[in-house]
Amino acid sequence: MATSLLSVPAATSLAGCGFRPVGEVMGCIVQHIGWAGYGCGYAGFGASMFGPSTVTSGGPSRWAGLGPYVKALYHGWDTALTRMLAEADALGADGVVGVRLTETRLDAGGNHEFLAIGTGVRGDGETRAARPFATDLDGQDLAKLLHGGWAPTGIAVGISAAVRHDDYRTLSQARSWSNAEISGYTELVSAVRHDARAQLEQRAARLGGEASLVSEMSLSVWEHEQGEGHRDHYARATVTGTVATQFHRGRTAPTSSLRILPLRATPKESTR
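Residues numbered from 1 in each chain as written. Predicted model: local features only at pLDDT ≥ 70, side-chain atom pairs only at ≥ 80, totals over all residues. Heavy atoms only, no water.

Participant: It is not clear to me how the nonpolar core should be interpreted in this structure. Could you clarify?
Facilitator: One recurring pattern in soluble globular proteins: nonpolar side chains tend to sit buried together. Met84, Val99, Phe114 and Ile159 are the most contacted members of the largest nonpolar core, which has 28 residues in total. When residues of this core are traced back to their parent elements, those giving at least two are strand S1 (19-32), helix H3 (67-90), strand S3 (95-105), strand S4 (111-123) and strand S6 (150-165). Broken down by element, this core gets its largest block of residues, ten residues, from H3. With twelve residues, the next largest nonpolar core counts Phe19, Val97, Leu142 and Ala244 among its residues. (Core = buried A, V, L, I, M, F, W, Y, C linked by side-chain atoms within 4.5 Å. Buried < 20%, exposed > 50% of the residue type's maximum accessible area, 1.4 Å probe, protein only. Helix = DSSP H or I, 4+ residues; strand = E, 2+ residues; numbered from the N terminus.)

Quick look at the structure:
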């Protein structure tokens with residue numbers, strides 16, 4: 001008996017596109033992530049003089065080593081997705097629908113679980129894909145995507161981490177009695193989100209996608225006391241979404257569906 005995480009409307013929508021569930025699939029990894037690689041957000045005697053005031057993991061700056069941390073996060077997500085797709089392939093699935101990605105911190109020692117879970121589906125046709133696809137879209141949205149001539153190729157995750165030193169101006173704005181923008185923190189979160197979006201675009205291109213359907217953008221910010229009177233703020237942004245490619249490029253969609261259910265009786269019915 002095949003298990004499924006799909007709702008009844010989702011399963012029905014996929015059945016209309018020729019897909020049926022073959023089983024629930026999961027991939028996970030527990031990974032230790034240490035603080036090695038974290039750097040200082042204070043560049044020499046002044047960030048504006050010797051380096052950028054905000055340093056992102058995706059940038060070329062040499063002032064902070066955030067790369068190892070982001071690499072560990074990518075390893076966690078890539079491993080969880082790969083193991084989930086391996087389970088789907090073992091069931092004979094052509095893809096995994098409604099994928100949910102969760103990261104759980106298991107303890108205070110830096111141990112994290114990365115989990116990918118979804119429902120494997122198989123097409124009714126004889127042609128099989130070279131490898132299963134994955135999408136975080138539910139059954140209804142995937143059906144609309146297919147009706148529109150687009151197909152999912154996978155799930156992309158874009159991650160960035162950034163650090164910024166709390167300089168005098170930032171501290172003054174943060175402690176002000178007035179309602180005012182803290183320009184340093186605005187710069188920090190804007191930079192890390194922009195870089196995460198750029199990383200998502202690069203990884204989506206590797207999956208052969210022409211478009212990314214962003215489903216979630218998360219942000220976390222925390223502070224770290226590097227030394228007495230020396231405090232930095234860190235930010236981490238993660239962007240996830242389904243990567244899609246177009247398989248039908250005509251002016252009209254390859255299929256059509258009834259969008260409005262008429263409630264009025266037809267002339268033939270009204271005469272009965």
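Participant: I tried to follow helix H6 (residues 183-206) on my own but got confused; where do I start?
Facilitator: Taking 1.5 Å per residue, 24 residues should reach 34 Å; H6 reaches 35 Å between its end C-alpha atoms and fits that length. Considered for burial, the residues of H6 that qualify are Gly184, Leu188, Val189, Val192, Asp195, Ala196, Gln199, Leu200, Arg203 and Ala204. Note on H6: the residue one or two positions beyond its end, glycine 208, has a positive phi of about 75°. (Expected span 1.5 Å × (residues − 1).)

Participant: It is not clear to me how the pattern of salt bridges should be interpreted in this structure. Could you clarify?
Facilitator: A side chain with one charge may pair with a side chain of the opposite charge, provided their charged atoms come close. Inspection of the entire model under this criterion finds three salt bridges. In this structure, arginine 236 and glutamate 103 form a salt bridge, with 2.5 Å as the shortest nitrogen-oxygen distance. Residue arginine 236 is located in strand S8 (residues 230-246), and its partner glutamate 103 is located in strand S3; the two are separated by 133 residues in the primary sequence. The exposure class assigned to arginine 236 is buried, which follows from its relative accessible area of 11%. Look at glutamate 103 and you get partly exposed, because its relative accessible area is 27%. (Salt bridge = Lys/Arg side-chain N within 4 Å of Asp/Glu carboxyl O.)

Participant: How do you make sense of the environment of glutamate 216 when you look at a structure like this?
Facilitator: Relative to the assigned elements, glutamate 216 resides in strand S7 (residues 211-227). Measuring from C-alpha to C-alpha, the distance between glutamate 216 and valine 157 comes to 9.8 Å, with 59 residues separating the pair along the chain. Among all residues touching glutamate 216, those that are not within four sequence positions of it are Thr238, Val239 and Thr240. (Contact = heavy atoms within 4.5 Å.)

Participant: Would you mind going over the sheet that holds S3 with me for this structure?
Facilitator: What links the strands of a sheet is backbone hydrogen bonding, and the strands pair in either a parallel or an antiparallel sense. Overall, mixed pairing links the four strands, which are arranged S1-S4-S3-S5 in an open sheet. Sheet topology places S1 and strand S5 (133-134) at the edges, where each strand pairs with a single neighbour. Sheet topology note: the S3/S5 ladder contains two bridges and is parallel. Note that in S5 the partner of valine 96 across the bridge is alanine 134. Strands in contact with H3 are S1, S3, S4 and S5; relative to S1, the strand with the most contacts, it is inclined by about 150°. (Pairing = 2+ DSSP bridges. Axes fitted to C-alpha atoms, helices over the stretch in contact; angles between N-to-C directions.)

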